[in-house]
Amino acid sequence: MDNNIANPPNLSIVNCQLTILKGYFPELTDEQKVQIDALFDLYSDWNSKINVISRKDIENLYLHHVLHSLGILKMLKFKKGSTVMDIGTGGGFPGIPLAILHPEVQFHLVDSIGKKIKVGQAVAEAIGLKNVTFRHCRAEEEKQLFDFVVSRAVMPLADLVKIARKNIKKEQQNALPNGLICLKGGELQHEILPFRKQAVSLSLSDHFKEEFFQTKKVVYVPL
Ligand SMILES: C[S@@+](CC[C@H](N)C(=O)[O-])C[C@H]1O[C@@H](n2cnc3c(N)ncnc32)[C@H](O)[C@@H]1O
């Protein structure tokens, strides 16, 4: 039986989380609000066919997935004209929420599983996102250059650094030197140890007060 039918999402939770998210980003334009509003129905529908978010977690889409993705902006607001690759984007996290908030930044979303890329593409098309491209490939095969690489829940920091380094442009245009910005949870000290001299880590609990963010960090490594 379809899990979404057996456990219908609690729409008051969904709407409450959507209000919380908009409260954290009061500068959203009407177009961005419409795009964000559309995400729940789109992801609910796609997720019932292709699993990109834990099905039990779909009602937490706006907090656990969209707002979490936007946590990257607490480390850096990308400058107009920047280019960003999302490694292991799955159904589009963090790339799609970031692309909605930064219409003048170009995002390239990569995943090694083709059907997940299809979900991201369908969602981006449905909300009219013009600043995203997708590629079904392993990130190791992607040779294009970007200002930044972002990622969430894909691989240990050392592996991400190893893969992302070849994709980082030398020319700089942002407030931070080009590099990797990733979302991490839980005990991080061990992962960060090899990069302790360059890495900067920020606690999302300092920015978002909901309990989910208590253990969530944004880690930046210049490359
Ligand atoms: C746990 S999912 C996370 C997806 C998404 N970032 C999110 O937070 O919802 C990890 C994703 O990384 C992808 N992945 C793992 N290794 C990869 C690689 N070397 N290149 C591209 N994608 C990779 C997997 O296919 C999977 O979709």
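Along every chain, residues carry numbers that run from 1 in the direction the sequence is written. Given that this is a predicted model, residues contribute local features only at a pLDDT of at least 70 and side-chain atom pairs are listed and counted only at 80 or more, while totals for whole chains, interfaces and linings are drawn from all residues.

This paragraph deals with unusual backbone geometry. Here the bond from F93 into P94 is cis, since omega is 5°, no more than 30 degrees from zero. Secondary structure follows DSSP: runs of H or I at least 4 residues long count as helices, runs of E at least 2 residues long count as strands, and numbering of each begins at the N terminus. Relative to the helices and strands, P94 is located in the loop between strand 1 (83–87) and helix 5 (95–101).

Their axes nearest at 10 Å, the elements helix 3 (residues 30–49) and helix 6 (residues 114–126) cross at an angle of 150°. Judged on the interaxial angle alone, helix 6 and helix 3 are roughly antiparallel. In the packing of helix 3 onto helix 6, the handedness of the crossing is right-handed. Contacts from A38, L42, Y43 and W46 in helix 3 reach V119, A122, V123 and A126 in helix 6. Throughout, the ten residues Ala, Val, Leu, Ile, Met, Phe, Trp, Tyr, Cys and Pro are labelled nonpolar, Asp, Glu, Lys and Arg are labelled charged, and all others, Gly among them, are labelled polar. Looking at the contact of helix 3 with helix 6 residue by residue, the class counts come to eight nonpolar, no polar and no charged. Here the axes come from fitting lines to C-alpha atoms, over the contacting stretch only for helices, and the angles between their N-to-C directions go from 0 to 180 degrees. An angle below 35 degrees is read as roughly parallel, one above 145 as roughly antiparallel, one from 65 to 115 as roughly perpendicular, and any other as oblique. By definition, turning the near helix anticlockwise from the far helix through less than a right angle yields a left-handed crossing, and turning it clockwise yields a right-handed one. Any two residues are considered in contact once their C-beta atoms, placed from the backbone, lie within 7 Å.

Here we come to the site of the ligand. Using a C-beta atom placed from the backbone, a residue is scored as near a molecule or strand whenever that atom is within 6 Å of it. Around the ligand lies a shell of 17 residues, among which G88, G90, F93, A139 and R152 are the nearest. Looking at the shell around the ligand residue by residue, the classes come out as eight nonpolar, four polar and five charged.

The UniProt entry lists G88, F93, A139, E140 and R152 under the feature "binding site: S-adenosyl-L-methionine" (unreviewed entry), expressed in the numbering used here. Relative to the elements of secondary structure, G88 occurs in the loop between strand 1 and helix 5. Dropping the residues within four chain positions of it, G88 is found in contact with D111, A139, S151 and V154. On the secondary structure map, F93 appears in the loop between strand 1 and helix 5. Once residues within four sequence positions are removed from consideration, F93 is found in contact with H65, S69 and R152. UniProt positions are given in the numbering used here, feature names are shortened, and annotations may be inferred rather than shown by experiment.

Bringing the domain arrangement of the protein chain into the picture now. With domains assigned, the protein chain is organised as domain 1 (3–67) and domain 2 (73–222). These domain limits were set by an automatic method or by a database of domain assignments. A separation of 20 Å is found between the C-alpha centroids of domain 1 and domain 2. Taken together, the contact pairs 17 residues of domain 1 with 16 residues of domain 2. Those elements that provide at least two residues to the side of domain 1 that touches domain 2 are helix 2 (11–24), helix 3 and helix 4 (61–70).

Once that is clear, we can look at helix 4. Burial runs high along helix 4: ten of the ten residues are buried. Between the buried cut of 20 or more and the exposed cut of 12 or fewer other C-beta atoms within 10 Å of a residue's own C-beta lies the partly exposed class, and all C-beta atoms are placed from the backbone. Three or more residues of helix 4 are buried, namely L61, Y62, L63, H64, H65, V66, L67, H68, S69 and L70. As for helix 4, its buried residues are in contact with helix 2, helix 3, helix 5, strand 4 (148–152), strand 5 (179–185) and strand 7 (216–222).

The next point concerns helix 6. Along its 13 residues, helix 6 runs 18 Å from first to last C-alpha, staying within 8% of the 18 Å computed at 1.5 Å per residue. On its buried face, helix 6 sits against helix 3, helix 5, strand 2 (106–111) and strand 3 (132–136). At the exit of helix 6 stands G128, carrying a positive phi of roughly 75°. The span one expects for a helix is its residue count, reduced by one, times 1.5 Å.

With that settled, consider the environment of M85. Residue placement: M85 occurs in strand 1. Classification of M85 as buried rests on a count of 27 C-beta atoms within 10 Å. Through-space distance from the C-alpha of M85 to that of V150 is 6.2 Å; in sequence the pair is 65 residues apart. Those residues in contact with M85 that lie beyond four places of it in its chain are H108, V110, E142, F146, V149 and N167.

What follows is about the sheet that holds strand 7. Spatial ordering of the open sheet is given by 3-2-1-4-5-7-6, a layout of seven strands whose pairing is mixed. A strand with exactly one partner marks an edge of an open sheet, and here the two such strands are strand 3 and strand 6 (200–203). Within this sheet the neighbouring strands show an average axis-to-axis angle of 20°, counted without direction. Paired strands are those between which DSSP finds at least two bridges. Inspection of the sheet shows strand 6 paired to strand 7 by four bridges, in the antiparallel sense. Note that in strand 7 the partner of V200 across the bridge is Y220.

Right, let's get into the nonpolar core. Linking buried Ala, Val, Leu, Ile, Met, Phe, Trp, Tyr and Cys residues through C-beta atoms within 7 Å yields a set, and such a set is a nonpolar core. One finds V84 and I181 to be the most contacted residues of the largest nonpolar core, which totals 58 residues. Lining this core are residues from two domains, each supplying at least three of them: domain 1 (3–67) and domain 2 (73–222).

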